Amino acid sequence: MNEKLLLKYDHIPGINTLAVYRQHNGYTSLEKALKTLKPDEVVEEVKKSGLRGRGGAGFPTGMKWSFLAKPEGVPRYLVCNADESEPGTFKDRYLMERIPHLLVEGMIIASYALGANASYIYVRGEYYYIIKILQKAIKEAYAAGLLGKNILGSGFDLDLYVQPGGGAYICGEETALLESLEGKRGNPRIKPPFPAVAGLWGRPTVVNNVETIAAVVPIIQDGGDAYAKIGVGKSTGTKLISASGHINKPGVYEIELGVPVEEFIYSEQYCGGIRNGKKLKAVVAGGSSVPILPTELILKTAKGEPRLMTYESLSDGGFATGTMLGSGGFIVMDEDTSIVKNLFTFARFYRHESCGQCSPCREGTAWMEKIIKKFIDGKANMADIDLLWDVQSKIEGKTICPLGEAAAWPVAAAIRHFRHEFEAYVRNPQSINEVKHYYRLNNLVEA
Amino acid sequence: MTTSEIKFNDEAQKKVQEILAQYPNDKSKSALLPLLHLAQAEFDGWLSPETMDYIASILNIQAIEVYEVATFYSMFNLKPVANYLIEICQTSSCWMCGAEDIVRYLEKKLNVAVGEPTQDGMFQIKTVECLGSCGTAPMFQIGDKYYENLTFEKIDAILEDLRKENKRSRYV
């Protein structure tokens, strides 16, 4: 199983240019959509494909599109979420850098389907060089009549713009993204109303991840039914996985959903096994916010079945023994990794990225970071483990947006599966040596 | 202090018009983030209160609407910074692949602590959160450039090149 739909041509020299992209079927899906399909028929193909949001939530894309309100005389918008900031995730960056026209083509088709005549790609500000790549691709598309008025003689008009963020993870949450696009602080909005009804400037808006929009191109090319045949069950199609950490071959891999996790980690086709001949200790399978799993649970479910790279298999067993596919940010840790220290980097991240609107998240993330640092500093006691558990449990479900959960879940999972490591830090502040880190001791530990 | 001391040059003015053309006429506040990026690049790498007031005057909004945004986003510098702000990712995968060693190496090599500019105003180290370069860790960003799969030797060469270049780095 090695069906590639998005990264089929990523290594072709010059594929970032319109000319070379067109030599490799570029913009033929757009032509097909504009010349042979009505907007509703495009939506229908996407529904048939079973495509689910690739940003992390996994919500069916066709259904999201069908919720878009269409009041007479009110403009509606498509906004692409390119605010990729979930630690462990770098697939959208790869896709936009290598094949910017795939995103542009997907944006035009999706805008046509939704009846949007102005669309925006919101890119995290740190990716400024990507913004320049996209702007160049968009300029080429305008010059070729693929954007602007009366695209390919279809009567459909579209203007496409790129908007930079300012460095804030929270803007990956769709309503925070819209606030930011309106020139405000990235504070998530209370829902309802959902963006489909009141989004950008209070008008109906669909927000989709980069990879989701790119996937529309092969779906229109080959039809929704063909796409749905790829993958397993409700996990249809392919998924970009960002693989990082202690593996021999970190990078972005396009997998057909359903590849066994074990094959993904160890086969030469993908991660190529653990670096330096070490053993696998744990994996964060879907970006920093999903629960970490120890080797025995990431390779096999609690029932003993091989764990597969699908939405369903990764979440099998709930949070007690499972995790989530999330954004596909696949972080691999070898036997020498300190789970507590890695958790500290996550806790610091969420404290830094909390927008501060809801007190459970604003106060809770700072508190969790402080408690975890006590373990690393050798100043924690056993009761701190329960305190940490208590704090995380009081964030989940009590905030406007899912950043609360995103911050709480990794903490809960670390305690659930690696409680003994927290205890080791309490018993012996030097236990960081016992765990044999390959990295040198750092300032935090020496303090 | 008056806002007249701060003004975009002709080339930047052209960019301002291009940015404003991206939104409906009555929604120009949406231009705020792009304009702050442009202003930071044009006015010495940081946003002074005068610069922010100037942006407010262009968009015809209250100064506080600019301040509250500039203070929210981590890319906007509210104090002067060195020519080259070295932004080192320290989250998870980068940490696992030695980001802390990179920080310590730079501190020693440049003889400054995180956050302080070097005496000649050339370099400044900043620790930041995930920059989406996890598969090429450890890494840092300077302006719009990503420097990946870092080693101490690579860092030596990068700093040497930048010292020769001696130009303020920018995202825009």
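Predicted model, so just to flag it, every value in this text is computed and none were measured.

Conventions we followed
Residues numbered from 1 in each chain as written. Chains lettered and ligands numbered in written order. Predicted model: local features only at pLDDT ≥ 70, side-chain atom pairs only at ≥ 80, totals over all residues. Heavy atoms only, no water. 1 Å grid on protein atoms, 1.4 Å probe; cavity = no way out; pocket = protein on both sides within 12 Å on 5 of 7 lines; lining within 4 Å. Points joined across faces, edges and corners; volume = space filled by probe spheres on them. Helix = DSSP H or I, 4+ residues; strand = E, 2+ residues; numbered from the N terminus. Nonpolar A, V, L, I, M, F, W, Y, C, P; charged D, E, K, R; others polar. Core = buried A, V, L, I, M, F, W, Y, C linked by side-chain atoms within 4.5 Å. Buried < 20%, exposed > 50% of the residue type's maximum accessible area, 1.4 Å probe, protein only. Domains from an automatic or database assignment. Contact = heavy atoms within 4.5 Å. Salt bridge = Lys/Arg side-chain N within 4 Å of Asp/Glu carboxyl O. Buried area = accessible area lost by both parts, 1.4 Å probe. Polar contact = N/O pair within 3.5 Å; in protein donor to acceptor, adjacent residues only side chain to side chain. Phe/Tyr/Trp six-rings, centres within 6.5 Å; stacked < 30°, edge-to-face > 60°. Lys NZ or Arg CZ within 6 Å of the ring centre and 35° of its normal. Axes fitted to C-alpha atoms, helices over the stretch in contact; angles between N-to-C directions. Parallel < 35°, antiparallel > 145°, perpendicular 65-115°, else oblique. Left-handed = near helix turned anticlockwise from the far one by under 90°.

### Observations regarding the layout of surface pockets
Residues and elements named next belong to chain A.
- Estimated volume of the largest pocket: approximately 1200 Å³.
- What lines the largest pocket is a set of 44 residues, and nearest its centre among them are Gly55, Gly56, Ala57, Gly172 and Glu173.
- Listing elements by their share of the lining of the largest pocket, those giving two or more residues are α4 (61–66), α5 (91–98), β4 (205–209) and α18 (403–427).
- Here the lining of the largest pocket gets five residues from one element, more than from any other, and that element is β4.
- Residue composition of the lining of the largest pocket, grouped by class: 17 nonpolar, 17 polar and 10 charged.
- Approximately 660 Å³ is the volume attributed to the second largest pocket.

### Concerning the nonpolar core
- Grouped together as the largest cluster of nonpolar side chains are 166 residues, with contacts concentrated most on Trp65(A) and Ile108(A).
- Considering every element that reaches this core, the biggest residue donor is α18(A), with 12 residues.
- Here this core spans two domains, and each of domain 1 (3–72) and domain 2 (84–165) of chain B adds at least three residues to it.
- Non-local contacts of Ile108(A), meaning those with residues more than four positions away in its chain, are made with Tyr27(A), Leu30(A), Leu146(A), Leu147(A), Ile151(A), Phe156(A) and Leu158(A).
- Among the nonpolar cores identified, the runner-up in size contains 26 residues, and Ile255(A), Tyr270(A), Cys271(A) and Leu293(A) belong to it.

### Describing the pattern of salt bridges
All names here are of chain A.
- Counted under the stated rule, the structure contains 36 salt bridges over all chains.
- With a closest N to O distance of 3.6 Å, Glu173 and Lys191 form a salt bridge. Of this pair, Glu173 sits in the loop between β3 (159–164) and α8 (174–181) while Lys191 sits in the loop between α8 and β4, and the two are 18 residues apart along the sequence.
- A relative accessible area of 12% places Glu173 in the buried class.
- Accessibility expressed as a relative area gives 31% for Lys191, which makes it partly exposed.
- Between Glu423 and Arg419 there is a salt bridge, with the nearest N and O atoms lying 3.6 Å from each other.

### Considering the interface of chain A and chain B
- Counting residues at the interface gives 63 residues for chain A, matched by 45 residues for chain B.
- Counting the surface lost from both chain A and chain B, the interface buries some 4300 Å², and carbon and sulfur atoms represent 54% of this.
- Glu148(B) serves as the salt-bridge partner of Arg93(A), at 2.9 Å between the closest nitrogen and oxygen.
- Run the count over chain A and chain B and you get 25 residue pairs in polar contact (both at pLDDT 80 or more).
- Elements with a contribution of two residues or more to the side of chain A that touches chain B: β2 (118–123), α7 (128–143), β3, α8, β7 (238–245), β11 (329–334) and α15 (339–353) of chain A.
- With eight residues, α15(A) is the single largest residue contributor to the side of chain A that touches chain B.

### Digging into the packing of aromatic side chains
- This model, assessed by the stated rule, comprises 27 aromatic pairs over all chains.
- Aromatic pair Tyr105(B) and Phe152(B): ring centres 4.2 Å apart, planes at 10°, arrangement stacked. Residue Tyr105(B) is located in helix α6 (residues 99–110), and its partner Phe152(B) is located in helix α7 (residues 152–165); the two are separated by 47 residues in the primary sequence.
- Residue classification places Tyr105(B) among the partly exposed residues on the basis of a relative accessible area of 22%.
- Note on Phe152(B): relative accessible area 31%, which makes it partly exposed.
- Among the aromatic residues, ring-to-ring pairing joins Tyr77(A), Tyr120(A), Tyr161(A), Trp201(A) and Tyr23(B) into one connected group.
- In this structure, Arg52(A) is placed above the aromatic ring of Tyr311(A), and the distance from its NZ or CZ to the ring centre is 4.0 Å.

### Details of the packing of α15(A) against α18(A)
All names here are of chain A.
- It is at 9 Å that the axes of α15 and α18 come closest, and there the two elements cross at 155°. If you check the angle between α15 and α18, you find them roughly antiparallel. The two elements α15 and α18 cross, and the hand of that crossing is left-handed. Here Ile339, Val340, Leu343, Phe346, Tyr350 and Glu353 of α15 come into contact with α18, specifically with Leu403, Ala406, Ala407, Pro410, Val411, Ala414, Phe418, Glu421, Phe422 and Tyr425.

### A look at the domain arrangement of chain B
- Each domain of chain B was delimited in the assignment, giving domain 1 (3–72) and domain 2 (84–165).
- Centre-to-centre, using C-alpha coordinates, domain 1 of chain B lies 29 Å away from domain 2 of chain B.

### Focus: the side chain of Gln392(A)
Residue and element names in this part refer to chain A.
- On the secondary structure map, Gln392 appears in helix α17 (residues 382–393).
- The class of Gln392 is buried, set by a relative accessible area of 3%.
- Once residues lying within four places of it in the same chain are set aside, the contact partners of Gln392 are Met368, Ala408, Val411 and Ala412.

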